[in-house]
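Structural overview
Given next are the chains, with one letter for each unit.
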Amino acid sequence: KKEKLVSAKGPVFQTAILAGIQGAKKTSELIPLCHPLGLDDCSVSIRLEGDYAVVDTTASLAAKTGVEMEALTAAAVASLTIYDMCKALSHDIRIESIRLMSKRGGKRDFARGE
């Protein structure tokens, strides 16, 4: 079952998912020296774990470069969108951490815990 959270501004998670994908596509416009990439795929999923909204993102590209900045930007923009849409309920909302879990491509591969 999908979690549904609706604020005065509309459906929170669905809007945050769209915002995160848009953010990933605009990463090179937001972060200096980050070159533009034509993403093959970008996904954003959001789930509730207790009082927490957990945002998971992935980005992929057929080229040999990593796309971790695009995935991290997607997570940040989706999280900020949740904050913006819910701030009328409380300004105590916190974005606690954004971290890279794994990546392939670029100078080296990475997986958290390895």
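This report concerns the structure included in the present document.

Definitions and limits used
Residues numbered from 1 in each chain as written. Predicted model: local features only at pLDDT ≥ 70, side-chain atom pairs only at ≥ 80, totals over all residues. Heavy atoms only, no water. 1 Å grid on protein atoms, 1.4 Å probe; cavity = no way out; pocket = protein on both sides within 12 Å on 5 of 7 lines; lining within 4 Å. Points joined across faces, edges and corners; volume = space filled by probe spheres on them. Helix = DSSP H or I, 4+ residues; strand = E, 2+ residues; numbered from the N terminus. Nonpolar A, V, L, I, M, F, W, Y, C, P; charged D, E, K, R; others polar. Patch = residues over 30% accessible without salt bridge, like charges linked within 9 Å, V, L, I, M, F, W, Y side chains within 5 Å. Areas by Shrake-Rupley, 256 points an atom, 1.4 Å probe, with all protein chains shown as cover. Salt bridge = Lys/Arg side-chain N within 4 Å of Asp/Glu carboxyl O. Pairing = 2+ DSSP bridges. Buried < 20%, exposed > 50% of the residue type's maximum accessible area, 1.4 Å probe, protein only. Core = buried A, V, L, I, M, F, W, Y, C linked by side-chain atoms within 4.5 Å. Contact = heavy atoms within 4.5 Å.

**Structural notes on the layout of surface pockets**
Each pocket or cavity is described by its volume, and for the largest pocket that value is around 1400 Å³. Taken together, 43 residues line the largest pocket, and the ones lying closest to its centre are Val 54, Val 55, Asp 56, Ala 75 and Ser 97. Listed by contribution, the elements that provide at least two residues to the lining of the largest pocket are strand S3 (41-49), strand S4 (52-60), helix H3 (68-86) and strand S5 (102-103). Looking at the lining of the largest pocket element by element, the count peaks at nine residues for S4. Among the residues forming the lining of the largest pocket, the class breakdown is 23 nonpolar, ten polar and ten charged. The calculated volume of the second largest pocket comes to roughly 210 Å³. Lining the second largest pocket are 14 residues, with His 35, Thr 65, Gly 66, Glu 68 and Met 69 positioned closest to its centre.

**Details of a nonpolar patch on the surface**
A cluster of nonpolar side chains, Leu 80, Ile 95 and Ile 98, forms an exposed patch at the surface whose accessible area comes to about 260 Å². With respect to the helices and strands, Leu 80 occurs in helix H3.

**Digging into the pairing of S4**
Side chains on a regular strand alternate between the two faces of the sheet. Relative to S4, S3 is paired through nine bridges, and the arrangement is antiparallel. Bridge assignment links Asp 41 to a residue of S4, and that residue is Ser 60. Count of turn residues in the S3/S4 antiparallel hairpin: two residues, of which Gly 50 carries a positive phi of about 65°.

**Some details on the environment of Leu 89**
Tracing the backbone through its elements, the reader meets Leu 89 in the loop between H3 and S5. Residue Leu 89 is classed as exposed on the basis of its relative accessible area of 69%. The spatial distance from the C-alpha of Leu 89 to the C-alpha of Ser 7 is 8.5 Å, given a sequence separation of 82 residues.

**Re the nonpolar core**
Counting residues in each nonpolar core, the largest one holds 13 residues, and the members touching the most others are Val 12, Val 44, Ile 46, Val 55 and Ile 82. Of all the secondary structure elements, the ones that give two or more residues to this core are helix H1 (12-25), S3 and H3. With five residues, H3 is the single largest residue contributor to this core. Non-local contacts of Val 55, meaning those with residues more than four positions away in its chain, are made with Val 44, Ser 45, Ile 46, Ala 75, Ala 78, Ser 79 and Ile 82.

Just distances and angles here, no functional claims.
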